[in-house]
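Take a look at the letters that make up each chain.
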Amino acid sequence: MEETHHDVTEALARVRGEIGRSIKDHGRRPGSVTLVAVSKTMPAERIRPALVAGQRVFGENRVQEGQQKWPKLRAEFPGVELHLIGPLQTNKVKEAIAHFDVIETLDREKLAAELAREIHRSGKSPELYVQVNTGAEGQKAGILPQDADGFIRLCRETYGLGISGLMCIPPVDQPPSPHFALLAGIARRNGLTTLSMGMSADYDAAIQLGATHVRIGSAIFGARH
Ligand SMILES: *Cc1c(COP(=O)(O)O)cnc(C)c1O
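Residues numbered from 1 in each chain as written. Predicted model: local features only at pLDDT ≥ 70, side-chain atom pairs only at ≥ 80, totals over all residues. Heavy atoms only, no water.

### Concerning the overall build of the chain
- When its secondary structure is counted, the chain shows nine helices and eight strands.
- Relative to its length of 225 residues, the chain is compact, with a C-alpha radius of gyration of 17 Å against a globular reference of 17 Å.
- By its C-alpha atoms, the chain is 50 × 40 × 30 Å across when sized along the principal axes.
- Counting the 225 residues in the chain, one finds 49% classified as buried. (Helix = DSSP H or I, 4+ residues; strand = E, 2+ residues; numbered from the N terminus. Rg over C-alpha atoms; globule rule 2.2 N^0.38 Å. Buried < 20%, exposed > 50% of the residue type's maximum accessible area, 1.4 Å probe, protein only.)

### A few points about the packing of helix H1 (residues 8-25) against helix H2 (residues 44-52)
- Where H1 contacts H2, the two axes come as close as 9 Å, and the packing angle between them is 50°. By the angle between their directions, the pair H1 and H2 is classed as oblique. Pair H1 / H2 crosses with right-handed handedness. Within the contact between the two elements, H1 uses Val 8, Thr 9 and Leu 12 and H2 uses Arg 46, Pro 49 and Ala 50. (Axes fitted to C-alpha atoms, helices over the stretch in contact; angles between N-to-C directions. Parallel < 35°, antiparallel > 145°, perpendicular 65-115°, else oblique. Left-handed = near helix turned anticlockwise from the far one by under 90°. Contact = heavy atoms within 4.5 Å.)

### Side note on the side chain of Glu 118
- As for its placement among the helices and strands, Glu 118 is situated in helix H5 (residues 109-122).
- Not counting residues up to four positions away in its chain, the partners in contact with Glu 118 are Val 93, Lys 94, Ile 97 and Gly 123.

### Comments concerning the packing of aromatic side chains
- All chains considered together, the criterion is met by one aromatic pair.
- Look at Phe 58 and Trp 70: their rings are 4.7 Å apart centre to centre, the planes differ by 45°, and that puts the pair in the tilted class. Of the two residues, Phe 58 is situated in strand S2 (residues 57-60) and Trp 70 in helix H3 (residues 63-76); the sequence distance between them amounts to twelve residues. With respect to burial, Phe 58 and Trp 70 carry one shared label: buried. (Phe/Tyr/Trp six-rings, centres within 6.5 Å; stacked < 30°, edge-to-face > 60°.)

### Comments concerning the site of the ligand
- Near the ligand the following residues occur: Val 38, Lys 40, Ile 85, Ile 169, Met 199, Ser 200, Arg 215, Ile 216, Gly 217, Ser 218 and Arg 224.
- Between the ligand and Lys 40 there is a distance of 2.7 Å, counted from an oxygen atom to a side-chain nitrogen or oxygen.
- In this structure, an oxygen atom belonging to the ligand sits 2.8 Å away from a side-chain N or O atom of Arg 224.
- The protein chains hide 89% of the 390 Å² of surface that the ligand would expose on its own.
- Comparing atom positions with the cavity grids shows the ligand to sit within the largest pocket.
- In the shell around the ligand, the residues fall into five nonpolar, three polar and three charged. (Near = heavy atom within 4 Å. Polar contact = N/O pair within 3.5 Å; in protein donor to acceptor, adjacent residues only side chain to side chain. Areas by Shrake-Rupley, 256 points an atom, 1.4 Å probe, with all protein chains shown as cover. 1 Å grid on protein atoms, 1.4 Å probe; cavity = no way out; pocket = protein on both sides within 12 Å on 5 of 7 lines; lining within 4 Å. Sits in = over half its atoms within 2 Å of the grid points. Nonpolar A, V, L, I, M, F, W, Y, C, P; charged D, E, K, R; others polar.)

### With respect to unusual backbone geometry
- Positive phi is not limited to glycine here, since Thr 41 has a value of about 70°.
- Summarising the element assignment, Thr 41 is placed in the loop between strand S1 (34-38) and H2.
- The residue Ala 136 is not glycine, and still its phi comes out positive at about 45°.
- By the secondary structure assignment, Ala 136 is in the loop between strand S5 (127-131) and helix H6 (145-157).

### Here's the deal with the environment of Ser 22
- In this structure, Ser 22 sits in helix H1.
- When the C-alpha atoms of Ser 22 and Leu 154 are compared, they prove to be 35 Å apart, with 132 residues separating the residues in sequence.
- If we skip the residues at most four places from it in the chain, Ser 22 touches Asp 204 and Ile 207.

### Considering the nonpolar core
- With 62 residues, the main nonpolar core has Ile 19, Leu 106, Leu 115 and Leu 166 as its most contacted residues.
- Apart from residues lying up to four places away in sequence, Leu 106 is in contact with Leu 111, Ala 112, Leu 115, Leu 128, Tyr 129, Val 130, Gln 131, Phe 151, Cys 155, Leu 161 and Ile 163. (Core = buried A, V, L, I, M, F, W, Y, C linked by side-chain atoms within 4.5 Å.)

### Side note on the pattern of salt bridges
- Throughout the structure, instances matching the rule amount to ten salt bridges.
- We note a salt bridge from Arg 14 to Glu 10, for which the minimum N-O separation is 4.0 Å. On the criterion of helical spacing, the pair formed by Arg 14 and Glu 10 is a turn pair, its members being four residues apart in helix H1.
- Relative accessible area serves as the criterion here: at 44%, Arg 14 is assigned to the partly exposed category.
- A salt bridge links Glu 60 to Lys 69; the nearest nitrogen and oxygen atoms lie 2.9 Å apart. Lys 69 carries the same exposure label as Glu 60, and that label is buried.
- Three or more residues are tied together by salt bridges with common partners; here these are Glu 60, Glu 65 and Lys 69. (Salt bridge = Lys/Arg side-chain N within 4 Å of Asp/Glu carboxyl O.)

In short, the description is geometric, and any link to function would need to be established separately.
In structure tokens, the structure reads:
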């Protein structure tokens, strides 16, 4: 019952304030961290207050949900940048490219091939981040850390894809900082400057370790059901 009265506007302002404080505390450049408001499972009525408050960068983890919710919201609020942060099946690539501006979950050759084909066909080119499975968890998406350099090269050289950054989701049962540091190291040696890391529980540590994008859901929109 309580979440019904959750104030998105107030929570968003609080999160923005905390991001600003982290940036200052860790000596990061002002404006160098983008808040990706993760609106997965949230209905449009819950997302609208964030848009009214000026938030324009959002994350969804399912292609179909993005496709259903966002065309109408985009028509109402120009300038939205939508990130796909969940696993992408090759048979959904066409819809993903049509509806998302950034795809954060490129993690296998078959997907690279399909993205290259569809980008060529559609003339649209979303920004692409490679997802790294920093904890080498069996059930989790993402390229293994030891395969990341080779995979980034393959995407660039074989498939002609512009890779702009890396993304990770650390294991829930471990301190996140070593995972953020690992991702930052892979980015550095591959000439990548965009790092999508840090969620509601750990974005301060991610900002300390160089995050350029923090993906925050529950701290803004309240608990998901
Ligand atoms: C849901 C989700 C988030 C946001 O998680 P919160 O803990 O609610 O901030 C971030 N990244 C990904 C990939 C997610 O699926």
